[in-house]
Amino acid sequence: MPIEDLEDRVVVTHPSDPKTQVTILKFGATVISWTIKGEEQLWLSTGALLDGSKAVRGGIPLVFPVFGKKETGPTAQLPQHGFARNSTWEFLGQVRESPLSVQFALSPEQVDPELYSKWENSNDFTLIYTIALDTESLETKIEVENVDSHEWEFNWLFHTYLKIDDIEDSMVSNLPGEICYDQLLKQSYEERLPVVTFHEEVDRIYQQVPESKLIQVVSLGNPIHTVKRIGLPDVVVWNPWVNKSNGMADFQPKSGYKNMVCIEPGYVHEFKKLAPGEKWIGAQVLYKDELKYQAI
Ligand code: BG6
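Quantities reported herein were computed from a predicted structural model and do not represent experimental measurements.

Each value, and the rule that gives it
Residues numbered from 1 in each chain as written. Predicted model: local features only at pLDDT ≥ 70, side-chain atom pairs only at ≥ 80, totals over all residues. Heavy atoms only, no water. Phe/Tyr/Trp six-rings, centres within 6.5 Å; stacked < 30°, edge-to-face > 60°. Helix = DSSP H or I, 4+ residues; strand = E, 2+ residues; numbered from the N terminus. Buried < 20%, exposed > 50% of the residue type's maximum accessible area, 1.4 Å probe, protein only. Near = heavy atom within 4 Å. Polar contact = N/O pair within 3.5 Å; in protein donor to acceptor, adjacent residues only side chain to side chain. Areas by Shrake-Rupley, 256 points an atom, 1.4 Å probe, with all protein chains shown as cover. Nonpolar A, V, L, I, M, F, W, Y, C, P; charged D, E, K, R; others polar. UniProt positions renumbered as here; feature names shortened; annotations may be inferred. Contact = heavy atoms within 4.5 Å.

Draft legend 1. Quick peek at the packing of aromatic side chains. Under the definition given, this model contains 22 aromatic pairs. Measuring from centroid to centroid gives 5.8 Å for phenylalanine 64 and tryptophan 119, while their planes differ by 80°, and the two rings are edge-to-face. Here the residue phenylalanine 64 occupies a position in the loop between strand 6 (62-63) and strand 7 (90-96), and tryptophan 119 occupies one in the loop between helix 1 (113-116) and strand 9 (125-133), the gap between them amounting to 55 residues. Judged by its relative accessible area of 0%, phenylalanine 64 is buried. Note on tryptophan 119: relative accessible area 2%, which makes it buried.

Draft legend 2. Inspection of the site of the ligand at higher detail. Taken together, Arg57, Phe67, Gln80, His81, Arg85, His159, Gln183, Asp203, Val236, Trp238, Lys244 and Glu264 make up the full set of residues adjacent to the ligand. In the environment of the ligand, an oxygen atom lies 3.0 Å from a nitrogen or oxygen atom belonging to the side chain of lysine 244. Relative to its unbound accessible area of 390 Å², the ligand is 87% covered by the protein chains. Considering only residue class, the shell around the ligand consists of three nonpolar, four polar and five charged.

Draft legend 3. Layout of the UniProt feature "binding site: substrate" (unreviewed entry) in the chain. UniProt's entry tags Arg57, Gln80 and Arg85 with the feature "binding site: substrate" (unreviewed entry), counted in the numbering of this structure. A maximum C-alpha distance of 13.7 Å among these annotated residues, which run over 29 residues, shows that they cluster at one spot. Relative to the helices and strands, arginine 57 is located in the loop between strand 5 (39-40) and strand 6. Within the fold, glutamine 80 resides in the loop between strand 6 and strand 7. The class for glutamine 80 is partly exposed, based on a relative accessible area of 41%.

Draft legend 4. Summary view of the UniProt feature "active site" (unreviewed entry) in the chain. Cross-referencing UniProt, the feature "active site" (unreviewed entry) maps to His159 and Glu264 in the present numbering. These annotated residues cover 106 residues of sequence, but their C-alpha atoms sit close together, with the largest distance between any two at 4.8 Å. Relative to the assigned elements, histidine 159 resides in the loop between strand 11 (152-158) and strand 12 (160-163). Sequence-distant contacts of histidine 159, that is, excluding residues within four places in its chain, are made with Gly59, Ile60, Pro61, Val63, His81, Trp238, Cys262 and Glu264.

Shown next, in the form of structure tokens:
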């Protein structure tokens, strides 16, 4: 069965290999596992709640209509990272055979009314989420449509938790020369180092990074993950390290920060404005590639 529609999740299996699979929880349309020939590519906390009581800690949570927590503006009342990751999406089924692709949808009717009411102007939207599983890649694509009669604006982000062997042996490439906002220092600066390395908590928003720049996670000289972006100018790089992960009850095991790094392609530095009837598409492709230093 290449596509299993279970009560709380959908499991998609590649026709050429039963161990190449993606599992999507209907809650949040959260990808909670992606394996290539049996090898897990994503990090999922062993303490993640998968029962719909809390956004999933790990995998690929979806961030909409706001990234982080805003102090002012129409999203100021919304909780951190909005409501898409806390809503149960509708499974639309298979939409393509090769690469095997499935779709999920979210509109205001599926969002908890109290949560939705916190977004000013009760903006009407349709989100169509397409997940395409290939032999060695996973594409996640979102289409946001304004089905309202007025303009509204939003952030989008794929909060991708990539699995790695050891954070201290890993680095993230191709970001030198880019402007980043450091969420810990509360400062913007130009990235000067040839690679991002991790020896403490890192929480940075790299802004308007050219789409041609691939983001690679390199471990002991080998490119473990490559992330390509389509329509998503910003990249958040996050590792919570010891103290921050200790403060998150659903972050387990506590040593888990060593085995993950979040590379989060998004549209978050600015809000994307959408006119009535307008559609916008953003996608990430996670795959394997050779080492490609595009900036040092
Ligand atoms: C990242 C943010 O995207 O998400 C961090 O840059 C934040 O600041 C992290 O801590 C996790 O957020 P949450 O809401 O899932 O705990």
